[in-house]
2 protein chains.
Amino acid sequence: MIELYLLEQLLAFSEYGTLSAASKHLHISQPALTHSMQKLEELMEVKLFERQKNRITLNETGKLAVEYGKKVLDQEKEMIEQIRLFDKSSRTITLGACAPVPVWDMVPLLSQIYSGLTISSEIRNRDEELLEGLEKNKYQLVILHEKPSNGEIYVQAYGKERLFLSVPEGHPLAERSEIYLSDIDGQNLLLYTEIGFWYELCRQKLPNAHFLMMSEHDAFGEVAGSGAFPSFVSDVLMRRDPNNSLMEKKIIPILDNEVNVTYYCVCRYSDRKKFEPLYRRLGSYKI
Amino acid sequence: MIELYLLEQLLAFSEYGTLSAASKHLHISQPALTHSMQKLEELMEVKLFERQKNRITLNETGKLAVEYGKKVLDQEKEMIEQIRLFDKSSRTITLGACAPVPVWDMVPLLSQIYSGLTISSEIRNRDEELLEGLEKNKYQLVILHEKPSNGEIYVQAYGKERLFLSVPEGHPLAERSEIYLSDIDGQNLLLYTEIGFWYELCRQKLPNAHFLMMSEHDAFGEVAGSGAFPSFVSDVLMRRDPNNSLMEKKIIPILDNEVNVTYYCVCRYSDRKKFEPLYRRLGSYKI
DNA sequence: GTCGATTACGTATTACGTAACAATT
DNA sequence: AATTGTTACGTAATACGTAATCGAC
């Protein structure tokens, strides 16, 4: 049997070209590498190197061994990763979401239904990244803003959100009764960080706007920014927090279709039984 | 990094159910296995076992680790096998053939064209097995009796062979001027061993015949068998060896289509340049 | 002189064995 | 009593380091 440390050393030699360079990166001595490569050839029962007096290079067989060695080591890494993920997933539910609002809904709900498990969540900008994470066991559950089609997954729409423009009184835009995003391209706009796909949407529809990024509980941001610049707010936020400072501002409907989103709760098809209690609750859920 | 001997020991435990049984099959002591499994959990940073006082079993994570461990070890075996095959193929050409006649043609031809390389050959009964061996680098060259379609291969027809029945003078069948194989089903028939697909053909078309198997240079066979029983001979054999003992027998054409075969010389498409000299010679070849 | 590879030899890690023990059947 | 797993401790294999040598640039 050929142990993996020998393959790792072979790959290092292949990468750095000489035994001495590879040995430095492996933090072992040069003679140790010489011995390892001799042992590798011995175990393979095959010549892997061409040796000149003070030069050693891979022959064709050696190059093939490097290719296969990469595969084997990759699979070992994959194994460890998957086993750790599986172990973690038996103790935690990791939620990936495209926006903050679904996280605020789901985390308490999950904590309640799966009271023995730890709930962790993160927000990503792109649905594709979330689906990839779902496939690779990084997430057990993801919230998307576009209905996915492919894959062995289980999907359920569970709520909507709509974006509005929030303009300070006295601002030139404050008199508008409705607006297109293109109308405010080029302006200074206040934006929260960690808003997932909304950020992508803003970048796409407002390529020339200047965004003042503000982390959610940034007191400075609230004081310095919110008085002067237009920002965004959603129907869900207003309903939940009706008497906040936003009330002193003008709320202007946005006419672009894209600001009207439906959220989809997605799990792997094989997990559908595990999440059946959740989906049942979501069925009667209205954001 | 998790070394492979740990995975091998995990698989042995999974297979034999207890540490002590596994340790016997691994030819190591029981405490050694205990330590290895503890080390494995340590390296994975994950619990793989449920431990009672004198009982240890895999938990769900452990079962997953077994699955992944199998994959990794299989790939390591595959790596060694492929590297050894590649090394061998740089020094030898291994021919797989469906019948003996093409071997007699090809081996001298290959020796002549590829004079630095060792030529080895073997005969297999089924074309599929030969194609599989070609794909898996077991053979660099195969001779088939049916034109293959699928795969990344390079094919050239190079010769034909036709089978006749050879009947001793005085045998009841000796007066026939032509015959179907079905006419001789149930008879005693003399057959050489190592005749590849011809044997499959006989078994299929003559399910009730009794075959007296005779290895090629079996003097006893020549004496005891050839005088009494019908056997087979081909046009190629008769042309090459016109004045042998077969001349004292009656040669009867067989009317079944299947006794008329064309041989196809096949290599991997990626090897077509290597075998171009061979294919050029085969182009003008007549068996 | 510097750099790279190999050989020789010593050292330190570690995988494994032996012995003893605890718990279950 | 026989079997199974763990702990403690010693041993032996081996991966690695240091020093020395040889060749190439």
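Given the structure is predicted, the values throughout are model-derived calculations rather than measurements.

Q: Give a detailed account of the environment of Asn260(A), specifying residues and quantitative values.
A: Residue and element names in this part refer to chain A. Topologically, Asn 260 is positioned in strand β11 (residues 260-268). With 26 residues separating them in the primary sequence, Asn 260 and Ser 234 have C-alpha atoms 9.8 Å apart. The contacts of Asn 260, once residues within four sequence positions are left out, are Glu 161 and Arg 162.

Q: Tell me what's going on with the side chain of Asn59(A), and back it up with residues and numbers.
A: Residue and element names in this part refer to chain A. With respect to the element layout, Asn 59 can be found in the loop between β2 (55-58) and α4 (60-89). The exposure class assigned to Asn 59 is buried, which follows from its relative accessible area of 11%. For Asn 59, the side chain forms a polar contact with the main-chain nitrogen of Thr 61, separated by 3.0 Å.

Q: I'd like a rundown of the side chain of Ser89(B), residues and numbers included.
A: Residue and element names in this part refer to chain B. The residue Ser 89 is located in helix α4 (residues 60-89) in this model. On the basis of relative accessible area, Ser 89 is assigned to the buried category, the value being 17%. Every residue in contact with Ser 89, bar those within four places of it in the chain, is listed here: Gln 140 and Lys 274.

Q: Quick one: what's the story with the protein's contact with DNA strand D, residue by residue and with numbers?
A: In the neighbourhood of DNA strand D, 22 residues make up the surrounding shell, with Tyr5(A), Ser29(A), Asn54(A), Gln30(B) and Arg51(B) lying closest. Within 4 Å of the protein, the contacting atoms of DNA strand D are 69% sugar and phosphate, with bases supplying the remainder. Contact between DNA strand D and Tyr5(A): a sugar or linking oxygen at 2.6 Å from a side-chain N or O atom of the residue. Within the contact set of DNA strand D, a phosphate oxygen lies 3.0 Å away from a backbone nitrogen or oxygen of Leu19(B). Residue assignment for the surface near DNA strand D shows that the elements contributing at least two residues are α1 (4-16) and α3 (30-44) of chain A together with α2 (19-26), α3 (30-44) and β2 (55-58) of chain B. Of the residues assigned to the surface near DNA strand D, the class counts are seven nonpolar, 11 polar and four charged.

Q: Can you lay out the interface of chain A and chain B for me, pointing to particular residues and giving the numbers?
A: Many analyses report the size of an interface as the accessible area lost when the parts associate. The interface of chain A with chain B comprises 30 residues on the first partner and 30 residues on the second. Looking only at chain A, the three residues that lose the most surface to chain B are Met1(A), Met79(A) and Ile83(A), adding up to 21% of its buried area. Summed over the shared surface of chain A and chain B, the result is two salt bridges. One salt bridge connects Glu45(A) with Arg84(B), and the closest N-O pair in it is separated by 3.6 Å. Counting across the interface, chain A meets chain B through 10 residue pairs in polar contact (both at pLDDT 80 or more). Residues of the side of chain A that touches chain B, tallied by class, amount to 17 nonpolar, four polar and nine charged.

Rules behind the numbers
- Position numbers for residues start from 1 in each chain and track the written sequence from start to end.
- Chains carry letters from A onward and ligands carry numbers from 1 onward, assigned in written order.
- At least 70 in pLDDT is required for a residue's local features to be given in this predicted model, at least 80 for side-chain atom pairs to be given and counted, and no such filter applies to totals for whole chains, interfaces and linings, which use all residues.
- Water and hydrogen atoms were dropped before computing side-chain values, which therefore reflect all heavy atoms in the structure.
- Think of it this way: any DSSP run of H or I at least four residues long counts as a helix, any run of E at least two long counts as a strand, and we number them from the N terminus.
- Note on definitions: a residue-residue contact is assigned when non-hydrogen atoms from the two residues lie within 4.5 Å.
- With a 1.4 Å probe rolled over the protein chains alone, any residue whose accessible area is under 20% of its type maximum counts as buried; one over 50% counts as exposed, and the rest are partly exposed.
- Pairs of N or O atoms within 3.5 Å make up the polar contacts considered here, provided that, within protein, one atom can donate a hydrogen while the other can accept it, and that residues adjacent in sequence are counted only when both atoms are side-chain atoms.
- Neighbouring residues are identified by heavy atoms, a residue being near a molecule or strand if any of them is within 4 Å of it.
- Three residue categories are used. Nonpolar comprises Ala, Val, Leu, Ile, Met, Phe, Trp, Tyr, Cys and Pro, charged comprises Asp, Glu, Lys and Arg, and polar comprises the others, including Gly.
- Take the accessible area each of two parts loses on contact, using a 1.4 Å probe, and add the two losses: that sum is the buried area.
- A pair is scored as a salt bridge if a Lys or Arg side-chain nitrogen falls within 4 Å of a carboxyl oxygen belonging to Asp or Glu.

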